[in-house]
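# Residue-level structure breakdown
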Amino acid sequence: MTKISSAVLHQPQAQTAQEKMDTAPALLLLLTLGCCCPGIYGQPLHIRVSSPKDITQLQVGQRLELECQTYKSYGASWIRQDKHGTLHFIVVISSLSRANFGENQGTAHRFEASKHNTVYRLAVKSFSPEDEGTYFCVMSLNQILHFSPGQRAFLPVTATVAPTTCGPTSKHGTTEEPNLKTPDPACRMQKDLNSFCLIFLWLPLAGLSLLLLATIIVLRQLKLISSSSRCTSA
């Protein structure tokens, strides 16, 4: 079992708020190495969504409450992986129920953290697109990091309805044509590339045809000259 120092999560050093939130490389390394330790002595860490009842229908401004069920009361941390893969430190909860959000005071205003027995809770006060991602509960035991399975929390994707276009309208017996749509730049570029390809394809063929025609003319002239020479000699 790989041993990893847990000081990165449990002893935040003096850093700026941006550095505290965007420690993706270090946390990603810890997450990668810690995946071999999904539980403690065979007891896995579990995350349960206590609110809302249906997390797939999460709405902006709604309160999100997560609970991490652990086996030992040694303190735990919460981290979030956004949709781009960047990992963000949220909070460390000690065994004495003390929550440490680090240097980022904005995080402390957006989240609530608490502990009851061996259950570590994290609440997002007012969920926003900034809070979307996969949440992990992390526990350090004997300098070994143990990770819970990730809990996804994303806003539902709303399907965009294409605007309806009105047909041609007649005015005084004449039909007005609708405005032409602006061509897509990508389609225009593809057409230009096709045109260049056709030019480079047909230019050698045209040159070859001209060369073949010139060869035929020269051979014809040589044949005429040879016929004239034979007639003269005869």
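Residues numbered from 1 in each chain as written. Predicted model: local features only at pLDDT ≥ 70, side-chain atom pairs only at ≥ 80, totals over all residues. Heavy atoms only, no water.

This part is about the overall build of the protein chain. Scanning the protein chain from N- to C-terminus turns up 5 helices and 14 strands. Restricting the contact set of the protein chain to residue pairs at least 6 apart, pairs at least 24 apart contribute 58%. Accessible surface computed for the protein chain: about 15,900 Å², of which carbon and sulfur atoms make up 59%. (Helix = DSSP H or I, 4+ residues; strand = E, 2+ residues; numbered from the N terminus. Contact = heavy atoms within 4.5 Å. Areas by Shrake-Rupley, 256 points an atom, 1.4 Å probe, with all protein chains shown as cover.)

This brings us to the sheet that holds strand β3 (residues 46-51). On the basis of which strands lie adjacent, the open sheet formed by 4 strands has the order β3-β4-β9-β8 and antiparallel pairing. Of all the strands in the sheet, the pair left with one neighbour each is β3 and β8 (111-116). Ignoring which end each strand starts from, the neighbouring axes of this sheet average 20° apart. Of the pairings in the sheet, the one linking β3 to strand β4 (residues 64-69) comprises 5 bridges and is antiparallel in character. Within the sheet, the bridge partner assigned to His46 lies in β4 and is Gln69. (Pairing = 2+ DSSP bridges. Axes fitted to C-alpha atoms, helices over the stretch in contact; angles between N-to-C directions.)

Okay, the state of the cysteines next. Enumeration according to the criterion identifies 1 disulfide in this entry. A disulfide bridge connects Cys68 with Cys137, and the sulfur atoms are separated by 2.2 Å. Its torsion about the S-S bond being -85°, the disulfide of Cys68 and Cys137 is classed as left-handed. Here Cys137 lies in strand β10 (residues 133-141) and Cys68 lies in strand β4, a separation of 69 residues in the sequence. For the pair formed by Cys68 and Cys137, the shared burial category is buried. (Disulfide = S-S within 2.5 Å. Buried < 20%, exposed > 50% of the residue type's maximum accessible area, 1.4 Å probe, protein only.)

For the rest of this paragraph, the subject is the pattern of salt bridges. Using the criterion set out here, one finds 6 salt bridges in the structure. A salt bridge links Glu130 to Arg110; the shortest N-O distance between them is 3.5 Å. Of the two residues, Glu130 sits in the loop between β9 (119-124) and β10 while Arg110 sits in helix α4 (residues 105-110), which places them 20 residues apart along the sequence. The residue Asp131 makes a salt bridge to Arg110 at a minimum N-O spacing of 2.3 Å. Of this pair, Asp131 sits in the loop between β9 and β10 while Arg110 is found in helix α4, placing the two residues 21 residues apart along the sequence. Salt bridges sharing partners connect three or more residues here, namely Arg48, Glu67 and Arg121. (Salt bridge = Lys/Arg side-chain N within 4 Å of Asp/Glu carboxyl O.)

In this section: the confidence of the model for the protein chain. Of all residues in the protein chain, 61% have pLDDT values of 70 or greater, and the mean over the chain is 74. Under a pLDDT of 50 for its full length, residues 1-26 has, in the predicted model, 52 contacts with residues more than four places off or in other chains. Low pLDDT, under 50, characterises residues 28-37; the predicted model gives this stretch 21 contacts beyond four residues in sequence or across chains. (pLDDT = per-residue confidence, 0-100.)

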